[in-house]
Amino acid sequence: MAALEGPRWGPKHGGAPKLLVVLLHGYGADGNDLIDLAPHWAQAVPEALFVSPHAPLPCEAGPYGRQWFSLQDRSPAMLLAGAQTARPLLDTFIAAECRAAGLPETHVVLMGFSQGAMMALFTGLRRQTAPAAILAYSGRLIGPDLLGGEIAGRPPVLIVHGEADQVVPAEASRAAEAALREAGVPVESLYAPGLAHGIDDAGLNVGSLFLQRAASTLPASA
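A.B. asks: What is the right way to look at the overall build of the protein in this model?
C.D. replies: In terms of helices and strands, the protein carries 6 helices and 9 strands. The C-alpha atoms of the protein give a radius of gyration of 16 Å, which matches the 17 Å a tight globule of 222 residues would have. The C-alpha extent of the protein, read off along each of the three principal axes, is 45 × 35 × 35 Å. Counting every position in the protein, which comprises 222 residues, the buried fraction comes to 53%. Long-range contacts, defined as pairs at least 24 residues apart, comprise 72% of the intrachain contacts of the protein with a sequence gap of at least 6. Split by element, the accessible area of the protein, about 9,500 Å² in all, is 54% carbon and sulfur.

In structure tokens, the structure reads:
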């Protein structure tokens, strides 16, 4: 598969970035779907560069959009195989973007929505250089039974999910939260009453605070 690419935004006031925020879209969307979050979150982290790569595969469900892996078979084994195949491409993308920005790989935040949240958690917890933080919106934890043996770092994680989500049930995030806590990962969560499969203002605002806190803990990059 070809190297990942996608739209980018920031830093807000120009200059060299001090943080890289990687936005991972959901099934059937593409990188353009989440890059519009950048201006809002840049109010909290104005020195961040936001990048939103298109997933590597055309979406099997329609003529438009992309997918990180197939959802035709949603069995745990097939979801795990899909995430395992996509992960090296995302790892390579993150490393390349850090080199281009002149940033250490510690200065990375992974954010994902739905299938993108699955990739953010799966990849971020296994990176040899742990990201500064992971934000997982409306997702689930793939391969929870393998996490104890494969986890390489314990970055802080924010989980956000709508209670009325009929695409990925909120229970998936509750199970992820429990598994992460068991693995020693610091987790914060927000479950939004009445929210379907999406991101609302409350989710955006808690994300802003989480990003701001993650950025404040980083040492100055060389």
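A.B. asks: In this structure, what is going on with helix α5 (residues 170-182)? I would like to understand it.
C.D. replies: Given a rise of 1.5 Å per residue, 13 residues ought to cover 18 Å, and the 19 Å separating the end C-alpha atoms of α5 matches this to within 8%. Listed in full, the buried residues belonging to α5 are Ala170, Ala172, Ser173, Ala176, Glu177, Ala179 and Leu180. Contacts made by the buried residues of α5 are with α3 (115-124), α4 (147-150), β8 (157-162) and β9 (187-192). Phi for Gly184, located one or two positions after α5, is positive at around 85 degrees.

A.B. asks: Can you walk me through the environment of Thr92 in this structure?
C.D. replies: As for its placement among the helices and strands, Thr92 is situated in helix α2 (residues 76-101). Residue class for Thr92 comes out exposed when judged on its relative accessible area of 52%. Separated by 88 residues in the primary sequence, Thr92 and Leu4 place their C-alpha atoms 8.6 Å from one another.

A.B. asks: Is there a simple way to think about the side chain of Asp91 in this case?
C.D. replies: Considering the arrangement of structural elements, one finds Asp91 in helix α2. Assessed through its relative accessible area of 17%, Asp91 is described here as buried. Within the structure, Asp91 has its side chain in polar contact with the side chain of Arg127 (distance 2.5 Å).

A.B. asks: Would you explain the environment of Leu211 in this entry?
C.D. replies: Relative to the helices and strands, Leu211 is located in helix α6 (residues 201-216). Placed 163 residues apart in sequence, Leu211 and Ala48 show a C-alpha to C-alpha distance of 9.8 Å. In contact with Leu211, other than residues within four places in its own chain, are Val21, Trp41, Val45, Val109 and Leu135.

A.B. asks: Would you explain the packing of aromatic side chains in this entry?
C.D. replies: The relation between two aromatic rings is expressed through the spacing of the ring centres and the mutual angle of the planes. This structure, assessed with the given rule, holds 2 aromatic pairs. Pairing Trp9 with Phe50 gives two aromatic rings, centres 6.5 Å apart and planes at 65 degrees, and the pair type is edge-to-face. With Trp9 in strand β1 (residues 8-9) and Phe50 in strand β3 (residues 48-51), this pair connects stretches of sequence that are 41 residues apart. Judged by relative accessible area, Trp9 falls into the partly exposed class, the value being 29%. An angle of 40 degrees between the planes, with centres 6.2 Å apart, marks the rings of Trp41 and Tyr137 as tilted. Highlighted residues: Trp41 in helix α1 (residues 38-41) and Tyr137 in strand β7 (residues 133-137), separated in sequence by 96 residues. In terms of burial, Trp41 and Tyr137 fall into one category: buried.

A.B. asks: Help me understand the pattern of salt bridges in this model?
C.D. replies: When the charged atoms of two side chains lie near each other, side chains of opposite charge can form a pair. A complete count under the given rule lists 9 salt bridges for this structure. The closest approach of N and O atoms between Glu47 and Lys18, which form a salt bridge, is 3.4 Å. Placement of Glu47 in the loop between α1 and β3 and of Lys18 in the loop between β1 and β2 (19-24) is noted, with a sequence separation of 29 residues between them. The partly exposed category is assigned to Glu47, whose relative accessible area is 42%. By sharing partners, the salt bridges in this structure join Arg87, Asp91, Glu105 and Arg127 into a single network.

Rules of the game
Residues numbered from 1 in each chain as written. Predicted model: local features only at pLDDT ≥ 70, side-chain atom pairs only at ≥ 80, totals over all residues. Heavy atoms only, no water. Helix = DSSP H or I, 4+ residues; strand = E, 2+ residues; numbered from the N terminus. Rg over C-alpha atoms; globule rule 2.2 N^0.38 Å. Buried < 20%, exposed > 50% of the residue type's maximum accessible area, 1.4 Å probe, protein only. Contact = heavy atoms within 4.5 Å. Areas by Shrake-Rupley, 256 points an atom, 1.4 Å probe, with all protein chains shown as cover. Expected span 1.5 Å × (residues − 1). Polar contact = N/O pair within 3.5 Å; in protein donor to acceptor, adjacent residues only side chain to side chain. Phe/Tyr/Trp six-rings, centres within 6.5 Å; stacked < 30°, edge-to-face > 60°. Salt bridge = Lys/Arg side-chain N within 4 Å of Asp/Glu carboxyl O.

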